[in-house]
Amino acid sequence: MSLRKIIQEAEKRREVLRITDEVSPKYEVACLMREFDDGPILVFDRVEGYNMKVIANVCGSRGRLAYALGINEMELHSKLYSSINSPTPPDVASSAPSQEVIEEPDLTILPILTHFEKDKGPYITSGVVYARNREDQVENVSIHRLQVLDDSTLAIRLVPRHLYRIWMSAKERRENLEVAISLGLHPAVYLAAASSPPYGVNEYHIANSLMDGKLKLAKCLKTECFVPAEAEIVIEGEISFEKEAMEGPFVDILGTYDIERLQPKVNVKTITHRKECLYQAILPSGIEHKLLMGLPREAVIHEAVSRVVPYVKDVVLTSGGGGWLHALISIRKQKEGDGKNALLAAFAAHPSLKHAIVVDDDIDIHDLSAVEWAVATRFQADEDLIVIGKARGSSLDPSSDQERLLTSKLGLDATRPLDKPIEKFERARIPLSSRVKKLVEKLRK
Ligand code: MN
């Protein structure tokens, strides 16, 4: 299933909002994305100065992501975890819709958005970057923000992970690194590119497992790269081994401005796209950004905690924590201490995790008020609190030591103690007769 097919299907389910009035790619599209964050898929039919439509919020809910993967919401973690652990190579197609139209290396044809007030300028936020290390043949696929410098040059933010390592290897040989940046993709490709398998795993293979073997790749035209055959837009180019530019400030997942740094330049060689292509945008710090980053981590935490306690009901990286720093975990506790072990496993599984709360499985962790109630009635700070000072943390949290990446971690075990009667912790209920149930339904109408 291609992205446009997903949008067509969502339109049938009335999950698409079309904006037919003209709006500017500078602030106005982003402003509407913010307004309808947590809402439907957005299709901007008329973007001032451009022929292409802009689409947003395709991956903006757990339900939509599950639907695109052909599973239900409860299966998201297990499907992600099994796909991360059993990657399968996709087929390479002989012809690709993403190469139907071949353009000059001119970025001005794309309606690239300017999002926040203090952002350096327009940024591509949905770019999935493929590269291959010529030294060890390792292929890597990851998401990177790309700042527009001029008509044919971008700056790419390389956090010190796999693409950075591949670029450093090219830099040592004094070679530019060929990359293919694809935009407008099946959600599985975004989820796979946001997951963090070990170096050596090609994230396209994870996407293919997520899509039950249906991902098709295409060979690029001007570079030795591969892209999803059904991508809406492909930018082929190379990351310079020597040319750098000041990148940032730009808003990151927590909704604060990330600082300005020297980052490598990308020289665009060609742009190809589908006929009547759609430009996909992702709002930094929007629900979609948090879900794409957070869901693969939830899956990994879920699995890690399952190894140390008998039953894990659910794991959520909350929106308020940027889908990154705060975890809620519900477990069925069997032995005293299970809660604390669950916290330790969660911190080990997701190094950026800062605060975590573990609750019993009668608490709905998607309901923050219910979690607060569990803390209010089942938690004692002198016994149930873990504080770990100066551990490795996220580079994004302004309250941490951002130079040395050190942060304090806090875990709350809000599971009820097993040595007190269970009735004391029961949430009181009012019996509901079938007559009153019907009456409530009538009154609600
Ligand atoms: Mn990787």
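In the block above lies the structure referred to throughout.
Residues numbered from 1 in each chain as written. Predicted model: local features only at pLDDT ≥ 70, side-chain atom pairs only at ≥ 80, totals over all residues. Heavy atoms only, no water.

Q: For empty space enclosed by the protein, give the residues involved together with the corresponding values.
A: In total, this model carries two cavities of 30 Å³ or more according to the counting rule given. If you add up the space inside the largest cavity, you get close to 70 Å³. Partitioning the lining of the largest cavity into residue classes produces six nonpolar, two polar and two charged. Counting only elements with at least two residues in the lining of the second largest cavity, the list comes to α1 (3-12) and α3 (62-69). (1 Å grid on protein atoms, 1.4 Å probe; cavity = no way out; pocket = protein on both sides within 12 Å on 5 of 7 lines; lining within 4 Å. Points joined across faces, edges and corners; volume = space filled by probe spheres on them. Nonpolar A, V, L, I, M, F, W, Y, C, P; charged D, E, K, R; others polar. Helix = DSSP H or I, 4+ residues; strand = E, 2+ residues; numbered from the N terminus.)

Q: Could you give me a rundown of the pairing of strand β17 (residues 261-273), with the residues and numbers involved?
A: Examined bridge by bridge, strand β5 (residues 101-103) and β17 share three bridges and lie antiparallel to one another. Within β17, the residue paired with Val 101 across the bridge is His 273. Two elements, strand β10 (residues 153-156) and β17, share three bridges in a ladder whose sense is antiparallel. The partner of Leu 154 across the bridge, within β17, is Val 266. As paired strands, strand β14 (residues 233-247) and β17 are joined by eleven bridges and run antiparallel to one another. Bridging across to β17, Ala 245 finds its partner in Gln 263. (Pairing = 2+ DSSP bridges.)

Q: So what about the coordination of the manganese ion? Which residues, and what values?
A: The coordination sphere of the manganese ion, as far as protein atoms go, consists of Asn 140 (OD1), His 162 (ND1) and Glu 203 (OE), spread over 2.1 to 2.3 Å. The sequence pattern describing where the donors of the manganese ion fall on their chain is N-x21-H-x40-E. Of this pair, His 162 sits in helix α5 (residues 162-172) while Glu 203 sits in helix α7 (residues 203-210), and the two are 41 residues apart along the sequence. A relative accessible area of 12% places His 162 in the buried class. The class of Glu 203 is buried, set by a relative accessible area of 4%. (Donors = N, O, S within 2.8 Å, 3.2 Å for Na, K, Ca; no water. Buried < 20%, exposed > 50% of the residue type's maximum accessible area, 1.4 Å probe, protein only.)

Q: Give a detailed account of the packing of helix α4 (residues 76-85) against helix α8 (residues 287-306), specifying residues and quantitative values.
A: It is at 8 Å that the axes of α4 and α8 come closest, and there the two elements cross at 90 degrees. Put simply, α4 runs roughly perpendicular to α8. Along the contact surface, α4 presents Leu 76, His 77, Leu 80 and Tyr 81, while α8 presents Leu 295, Pro 296, Glu 298, Ala 299, Val 300, His 302 and Glu 303. Looking at side-chain class alone, the contact of α4 with α8 contains seven nonpolar, two polar and two charged residues. (Axes fitted to C-alpha atoms, helices over the stretch in contact; angles between N-to-C directions. Parallel < 35°, antiparallel > 145°, perpendicular 65-115°, else oblique. Contact = heavy atoms within 4.5 Å.)

Q: Please set out the side chain of His 115 residue by residue, giving values where relevant.
A: With respect to the element layout, His 115 can be found in the loop between β5 and β6 (123-124). Using a relative accessible area of 6% as the deciding quantity, one classes His 115 as buried. If near-sequence neighbours (up to four positions away) are discounted, His 115 is found in contact with Tyr 27, Ala 30, Tyr 123, Thr 125, Phe 250, Ile 282, Leu 283 and Pro 284.

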